[in-house]
Each structure stands twice: as structure tokens, then as C-alpha cells.
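# Coordinate analysis (summary)
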Amino acid sequence: MNFIPSNIFTWQNLANLVDILVVWYFLYKVLSMLRGTKAVQLLKGIVIIFGIKLVSWALNLHTVSFLMDQLINWGIIVIVIIFQPEIRRGLEHLGRMPLFSSTSNEEGKTKNHLIESLDQAIQYMSKRRIGALITLEMNTGLEEYVETGIDLDAEVTGALLINIFIPNTPLHDGAVIVRNNRISVAAAYLPLSESNTIPKELGTRHRAAVGISEVTDAITIVVSEETGGVMITRNGHMMLDLSREDYLKYLHAQLKDPNENDNHSLLDFFKIGRKKKEGQDDKEDNK
């Protein structure tokens, strides 16, 4: 007994299926790009507005319905203006997809060069206790913080990073922001965190690193001027006193695929760092 209709396998049904899959894939990619960005909050706001619109329509609240209509009509233009950097970055990301160009190997080389340059600078400054603050833009745009710095738009090299943070030079005070694998600005101001969980012995650079991690998904590297210790922050979490092996492992993992769930890996590193620190403290107490 055949329960499948004979006319189900038609070109029209196949076209409808392809249509649904294309739309589903497009929405999936858009939501993936929005994950971890400020646009998620905007998306929640849009859902609330549409919810109010439906309720006002059902209850015949004409004034509320009219106001919601105006918000929806003008909101599209406002969204395009406010999120212009994110839209541009999304289109650039689309253009780099293998469908249009084969740049995977090139991007891999660029990421490796970035990490090697960061490592060179971190090692030099850590040994000499030169304070540094380096922020790597990820998915969330850093335009408002870039505007506070001094434009460089230079290739990332270890030598340039070291020269920027040499004490008593014009650019050493503030943060270097890296966008699209290039040094965008130096001497930028980052928001200071007011969290009580930050150890008292940590200074302004560390608070700025935690502060930017609380409002964006940027990766921020700090070299302590007092101890030479290396710290990385992201999404409100701190990794203190990292060894060279630890921070290289983390940077390779995150820059290889920034859309992976970084919270777990960051917390794992954080726990490792804490265990190392506790182990060192125990040894000192035993002495």
C-alpha cells in the first residue's frame, strides 16, 4: 500500500525545498555573525517591539499600535546607520567566503604572522617589564574606542609593538587596537572595569582590559609593568600569569575559529592559571 502521493516529487516542490533551505542557511549565518555582539541586544529589542505590536493589535490599542508602526518603519533606517560598521564587516566576511575567493590559506598565514608578532613583542616586554595593552577586535566592532586613539593603520610586527610601548614615548600610554590583522590605532582609551573581583594589586591597564571584555568580545593582552606577567581577558574573564605556552595555545585556538564557544576554553585556562599560582604560593609557604 503506497502512502506517498505520486505528485510529491515535482520540480515545484523541489524548488520550494531549495528555497526554504537557502533562507534557513542565510538566517543561520546571520545569527552566527551576530552571536556575541551588541546586535543581539538589538534583536531582543526588535522582538519586544513586535510583541507589543501584536498585543496592541489584538486589544485594539490604536495609539500604541500607531507608535509601534512608526518605530518599525523608521527603525530600519536607524539600524543601518548605527550598525554600519557591522554590516560592512559582514559583507566583507561574505566576500571572503570560498564561494567567491580561495583565501583560506592566506588568512591562515596572516593569523600565524599576527600571533608570531604578538609573541615576539610579549616576550621582549615581559622580560624587561615594559607595560603593554593590546586589544584584538573580534566580532563586536570597536569603532567608538578606535576614535579615541591615534591612527596608524600599520602592519602588525613585533618591533612596531615594542616601540609603541617603550616608556616615555608619545604612544605608550593607552591601548593598541588591532583590526583586520592590522594595527588600527595606538594610545586608545578603553573603559575601566568597576568589578570587585579584580585583585587590588592590578593596575589601570588590567582594569581597562577587563572593562573592554565586559562590553565587547575582544581579546585583550596585558603585560604588567610591575611583574612582567601576562594576562588575557575576554567576555569578562581574566587569565592571570600565563606562560608562553598557555597564551600561544589560547591565541591559536581563538584566532583560528573566533566563533567557537570561547567561554569554556577561557575558563579552563583561568583555572589552570589559578592552580599554577596556588601551587607557587604553596611552595613559597613551605619554604
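For clarity, every value in this text was computed on a predicted model and none was experimentally measured. (Residues numbered from 1 in each chain as written. Predicted model: local features only at pLDDT ≥ 70, side-chain atom pairs only at ≥ 80, totals over all residues. Heavy atoms only, no water.)

Right, let's talk about the overall build of the protein for a bit. Secondary structure summary: the protein contains 10 helices and 7 strands in total. Across the 287 residues that make up the protein, the buried fraction comes to 35%. For the protein, restricting intrachain contacts to residue pairs at least 6 apart in sequence, the fraction spanning at least 24 positions comes to 60%. Carbon together with sulfur atoms contributes 60% to the accessible area of the protein, which is approximately 18200 Å² in total. (Helix = DSSP H or I, 4+ residues; strand = E, 2+ residues; numbered from the N terminus. Buried < 20%, exposed > 50% of the residue type's maximum accessible area, 1.4 Å probe, protein only. Contact = heavy atoms within 4.5 Å. Areas by Shrake-Rupley, 256 points an atom, 1.4 Å probe, with all protein chains shown as cover.)

Turning next to the pairing of strand 3 (residues 175–179). Strand 3 sits mainly inside the fold: 5 of its 5 residues count as buried. Both faces of strand 3 are covered, namely the face carrying Ala-175, Ile-177 and Arg-179 and the face carrying Val-176 and Val-178. Two elements, strand 1 (residues 132–136) and strand 3, share 3 bridges in a ladder whose sense is parallel. Its bridge partner lying in strand 3, Thr-135 is registered against Ile-177. The antiparallel hairpin formed by strand 3 and strand 4 (residues 182–188) contains 2 residues in its connecting segment, where Asn-180 sits at a positive phi of about 50°. (Pairing = 2+ DSSP bridges.)

With 34 residues, the main nonpolar core has Leu-118, Ile-134, Val-176, Ile-232 and Leu-251 as its most contacted residues. The set of elements that each furnish at least two residues to this core consists of helix 5 (104–128), strand 1, helix 7 (158–165), strand 3, strand 4, strand 5 (219–223), strand 6 (230–234) and helix 9 (244–256). If you tally residues by element for this core, the top one is helix 5, at 6 residues. Apart from the residues within four sequence positions on either side, Leu-118 is in contact with Ile-134, Leu-136, Leu-161, Ile-221 and Leu-251. Tyr-145, Ala-218, Val-222 and Leu-240 belong to the second largest nonpolar core, which has 20 residues in total. (Core = buried A, V, L, I, M, F, W, Y, C linked by side-chain atoms within 4.5 Å.)

A few words now on the sheet that holds strand 7 (residues 237–239). Spatially, 2-4-3-1-5-6-7 is the arrangement adopted by the 7 strands of the open sheet, whose pairing is mixed. Across the chains shown, the open sheet's two edge strands, defined by having one partner strand only, are strand 2 (150–155) and strand 7. Neighbouring strand axes in the sheet, compared pairwise and without regard to direction, differ in orientation by 20° on average. Examined bridge by bridge, strand 6 and strand 7 share 3 bridges and lie antiparallel to one another. Opposite Arg-234, over in strand 7, you have His-237 as the bridge partner. Here helix 9 sits on the sheet in contact with strand 1, strand 5, strand 6 and strand 7, set at roughly 25° to strand 6. (Axes fitted to C-alpha atoms, helices over the stretch in contact; angles between N-to-C directions.)

By the definition in use, this model includes 7 salt bridges. Lys-53 serves as the salt-bridge partner of Asp-69, at 2.9 Å between the closest nitrogen and oxygen. Here Asp-69, found in helix 3 (residues 62–82), pairs with Lys-53, found in helix 2 (residues 39–58); they are 16 residues apart in sequence, far enough to count as distant. Classification of Asp-69 as partly exposed rests on a relative accessible area of 27%. (Salt bridge = Lys/Arg side-chain N within 4 Å of Asp/Glu carboxyl O.)

A word on the side chain of His-206. Structurally, His-206 can be placed in helix 8 (residues 204–215). Apart from the residues lying within four places of it in its own chain, the contact partners of His-206 are Val-222, Ser-224 and Met-231.

The next point concerns a nonpolar patch on the surface. Taken together, the side chains of Trp-11, Leu-14, Leu-17, Val-18, Leu-21 and Val-22 present a nonpolar region at the surface, about 640 Å² in accessible area. For Trp-11, the position within the fold is in helix 1 (residues 11–34). Since its relative accessible area comes to 73%, Trp-11 is described here as exposed. (Patch = residues over 30% accessible without salt bridge, like charges linked within 9 Å, V, L, I, M, F, W, Y side chains within 5 Å.)

Take helix 9 next. Between its first and last C-alpha atoms helix 9 spans 18 Å; for 13 residues at 1.5 Å apiece the expected length is 18 Å, and the two agree. Along helix 9, the residues that are buried comprise Asp-246, Tyr-247, Leu-248, Tyr-250, Leu-251, Gln-254 and Leu-255. (Expected span 1.5 Å × (residues − 1).)

Let us now look at helix 3. With 21 residues, helix 3 ought to run about 30 Å at 1.5 Å a step, and its terminal C-alpha atoms sit 29 Å apart, in line with that. At Gly-75, helix 3 is deflected by roughly 40°, the largest bend along its length. Taken together, the buried positions of helix 3 are occupied by Ser-65, Met-68 and Gly-75. (Bend = angle between axes of the 7 residues up to and from the residue.)

In terms of burial, strand 6 is largely enclosed, as 5 of its 5 residues are buried. The two faces of strand 6 match: Val-230, Ile-232 and Arg-234 on one face and Met-231 and Thr-233 on the other face are all buried. Here strand 5 folds back onto strand 6, and the loop between the two strands holds 6 residues, one of which, Gly-228, carries a positive phi near 80°.

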